[in-house]
Structures are given as structure tokens and as C-alpha cells.
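# Descriptive analysis of the structure
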Amino acid sequence: RVQVQNYRWCTPLYKRGVPRYPIDMAKNTHLEHLEDDILNQGTEGGFNAIKFLRELGDMLTRPQSNVRVTTKWDGAPAIICGKDPVSQRFFVGTKSVFAKTAPKVIYSEADADAMYEGQLAQKLKDAYKYLSKLPIQGVLQGDLLYTDDKDTRLVNGEQSIVFQPNTIVYAVPTNSALGAKVARSKLGIVFHTTYVGPTLADMNAQFGASVSQLQGNPDVVVFSSDFTDATGAAKMDQVEKRQFDALVNRAEGSLKQASAFLNILGSFGQSKFMMNVLFKQFFNSYIRQGRPIRNAQDVVQDFKSYYAGLLSKEAASKKTKSAQDKYLQMRTDGLKFLQQNEKSIYFTVASYMNLIEAKNFIIRRLERVQTLGTFLRTENGYKVTAPEGFVAIRSGNALKLVDRLEFSRANFTADKNWDKA
């Protein structure tokens, strides 16, 4: 059985109204990218990613599959709300509801003003005012989509209600039934997680939220995160399926070559300089720079320079010679380790690249299905873009499916509406 960080296996809670394939987590504060599983969990994580990909391929070609997909909405801020299991009072808050020290739980609009300021305080006040009107049982987590910041604009040649909670602009045609609901509403939100437990501090999360009973209040539009392909637009034909299978087979082949080394990677190093953690930071640096990872051999050499630079900088920051020598020796040992395992590192990088390519193949198919128009706001108007991404859920386990290079580029270049901090 595969375990991803703090995700645990659990029994489906159908009787509680939670959708199938729930994930039992301590708190749903972070999901991992599919390709990062090889760095988080070594060999086991790598072949877990392969299983995910194969079942995603089945989902897009067969009537039934063991994987479920939800759409990631680019909402902000994250909202936790519902009834406090102890006091039964309605509350709202951000992820700080679950903070270990000084949690911020809002039981009234006045609490929002006392705990927060600026736009965030106002959004939380609105969240309390309108979400308290819904028949929410238990505790839910979602992403706020709009309050008083929606607008009517001409987008892609069509008059639409638009809202931009973060990077992506969502557009709903004004002449549609959904457009009419959004136009008269005061708040929009998408729920994706359900919490159960005796106290807020002890709650566990199941990925998925039943929202059918939350419809009907004219002040609030509750969107669903479930991915539904009613028209079959995302289905792969036989040629596409063969192409996809070839990509997965290539990823699996490189993982077999890297398999033994992946487990060593997670045990070499000290504290923040654990080698698997540094590889993850290194790959993220490519994404932040907008650089695709294309040549495994070049990336291996780049990582050596990256590693040596980090340790040199750390040594230079120390005041005593003994502390400096410690990190200089760590640099020497690390570079020796990298040199001795250069071939295995090559296959590790190749595995990472191959998993990304297979994942992006799936993302391109899922993007064919869109309930709402998604755009980027630029100086020259609105530019069509894909949704932020998706979440794949399989056997109590969840991983993100995001084209990180594309979304990171959009996140850095798009005009934003408000500062969620």
C-alpha cells in the first residue's frame, strides 16, 4: 500500500455523503505533484505514479476505472467553514483554523475584523455572512471564487460575468442559466474537501465534498470540483492511447534503471540538505525560471553546480571556522556521492522528465472539457488559457496533475486583482 506524506488509508464514508474514494489526511494543506513522488517516496513513489498514469489512461478509454479526477480551481483564499464539532457554532476561516498555536477561527463578522485586515478581512466577513445561510453539515474546505469583485465584460466576443480570484479569469456567458445565477449572487465558492473528527484540532480530511444539498440559496453559487466528461471530449482514440502507453512505458523503463538509487537519495544528506529535498528544490527552480527540463545529461551537471553553490553559500554564512569546515566537508562528500552515482542520477532525471511528459499528455485531454471559460488578463485583453490543473484520486491516494511550466509562467505574467495576503 502506498502512503503519500500524511495521507492514510481509510474506509469510504458513503453514509456521511462523502463522494467515493475519500482520502483520509490529517489536514488538506498540500498536495504533491505526480512526478515529485519519486523524490518523496523513492521507488515506491515512482511506481505509484506509473499506476496512476495507467489508470488515468484507462479512465479516458474504458467505461470504468479505479481513478477519479477532480478539477483544480484557481480560487483564493482557501476557506474552511462549517459547524464547530464541539460548540456547534458556525465558523469560517483560512487554513489557519488548523494552526497548532493560536488558531484563527471566525465565529462572527466582528471576529474577522479582529483577526484580519484589508481585503482579506472583508472577504472573510462576506464568507461568514453568506456561507452561514447554507445547510452545511460538518466541516468543508473550498476555494473562494468571488464576493463583490465579479464584473460584466466582453470576453472572447461574448458578454460574460467574469471573476478573477487569483491568476485565472473565469467567464460565464450572461445569457446562460449559470450566468444568471452568478449575476444575482453575492458569493461564489467551490468545495473539494470534507473534514470529520471530534474537534477542529483532531479532524481528518476526505478529498471530495457533496454539494447537492447546498444549492438553491440565491446569494451563494456553490460550484462542484468533480470532473465530468458528459460528451466524451476527453476520450482517447486508439492512436492516442498507443502514444500514451509508449510514454508511460518509457517512464517505467527509466524508473527501473533508477529504482535502487531513488531510495538512497532520500537518506543521503543532513537536515535541509537532504539530497532528495535539494533535487526537488532544484527542479522547482527550473519551473520558476520558465525553463523546460529537456536534456537529462545537462540537468545532471547543472545539479552538481547547484549543490556546490548551496553548500558554499552556507559555509560562507558561518562565523566560525569549525562551522565553515562542516559545510565544506559536506559539499565534498556530496559531490563525491553525485560523481559516483552519475549514471543513476541521469536515469532519475530522465524518469522525472518522462513522468512529466506522460502527465502532460493526460492534462491536454482533460483540458478539452471546460464548464467555464478560463482566461488570463493581459495588457491586450483576455487570453484563453487552460484550467489550473486536476487532482487524480486512486485507492485513498491523491496527486496533482498540473502543467507546472505553463501555470507558473501564467502566474508570474498575469495581472492580479487583489493581494490575498
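Remember, it's a predicted structure, so these values are computed and weren't measured experimentally.

### Structural notes on the overall build of the chain
Counting its secondary structure elements, the chain contains ten helices and 16 strands. Every one of the 421 residues in the chain was classed for burial, and the buried ones make up 53%. Counting only contacts in the chain whose residues sit at least 6 apart along the sequence, the fraction spanning at least 24 positions is 70%.

### Considering the nonpolar core
Core analysis: the biggest nonpolar cluster contains 60 residues, and Phe283, Val349, Leu355, Leu366 and Leu401 have the highest contact counts within it. The element that contributes the greatest number of residues to this core is helix H9 (residues 342-366), accounting for twelve residues. Contact partners of Leu401, with chain neighbours within four places excluded, come to Leu34, Leu56, Lys359, Ile362, Ile363, Leu366, Gly389, Phe390 and Ala392. If you look at the next biggest cluster of nonpolar residues, it comprises 26 residues, including Ile79, Ala127, Val211 and Leu214.

### Observations regarding the sheet that holds strand S9 (residues 169-173)
Strand order in the open sheet formed by five strands is S7-S8-S9-S13-S14, and the pairing between neighbours is antiparallel. Only two strands of the sheet have a single partner each, and these edge strands are strand S7 (151-155) and strand S14 (381-384). Going across the sheet, the axis of each strand differs from the next one's by a mean of 45°, ignoring polarity. For S9 and strand S13 (residues 373-378), the ladder comprises three bridges, and the chain directions are antiparallel. Within S13, the residue paired with Ala171 across the bridge is Gly373. Across the sheet, helix H4 (residues 177-184) lies against strand S8 (158-163) and S9, angled at about 45° from S8, the strand it touches most.

### A closer look at the pattern of salt bridges
Overall, the coordinates contain 24 salt bridges when judged by the stated rule. With a shortest N-O distance of 2.8 Å, Glu252 and Arg54 are connected by a salt bridge. In this pair, Glu252 sits in helix H5 (residues 238-265) while Arg54 sits in helix H1 (residues 37-59), placing the two residues 198 residues apart along the sequence. One salt bridge in this structure joins Lys125 and Asp113, with 3.2 Å as the shortest N-O distance. Linking Lys125 in helix H3 (residues 118-131) with Asp113 in helix H2 (residues 109-115), this pair joins segments that are twelve residues apart in sequence. On the basis of relative accessibility, which here comes to 44%, the residue Asp113 falls in the partly exposed class. Linked by salt bridges that have partners in common, Glu35, Asp36, Lys359 and Arg404 make up one network.

The rules behind the values
- Residues numbered from 1 in each chain as written.
- Predicted model: local features only at pLDDT ≥ 70, side-chain atom pairs only at ≥ 80, totals over all residues.
- Heavy atoms only, no water.
- Helix = DSSP H or I, 4+ residues; strand = E, 2+ residues; numbered from the N terminus.
- Buried < 20%, exposed > 50% of the residue type's maximum accessible area, 1.4 Å probe, protein only.
- Contact = heavy atoms within 4.5 Å.
- Core = buried A, V, L, I, M, F, W, Y, C linked by side-chain atoms within 4.5 Å.
- Pairing = 2+ DSSP bridges.
- Axes fitted to C-alpha atoms, helices over the stretch in contact; angles between N-to-C directions.
- Salt bridge = Lys/Arg side-chain N within 4 Å of Asp/Glu carboxyl O.

Coordinates in, geometry out; function isn't part of it.
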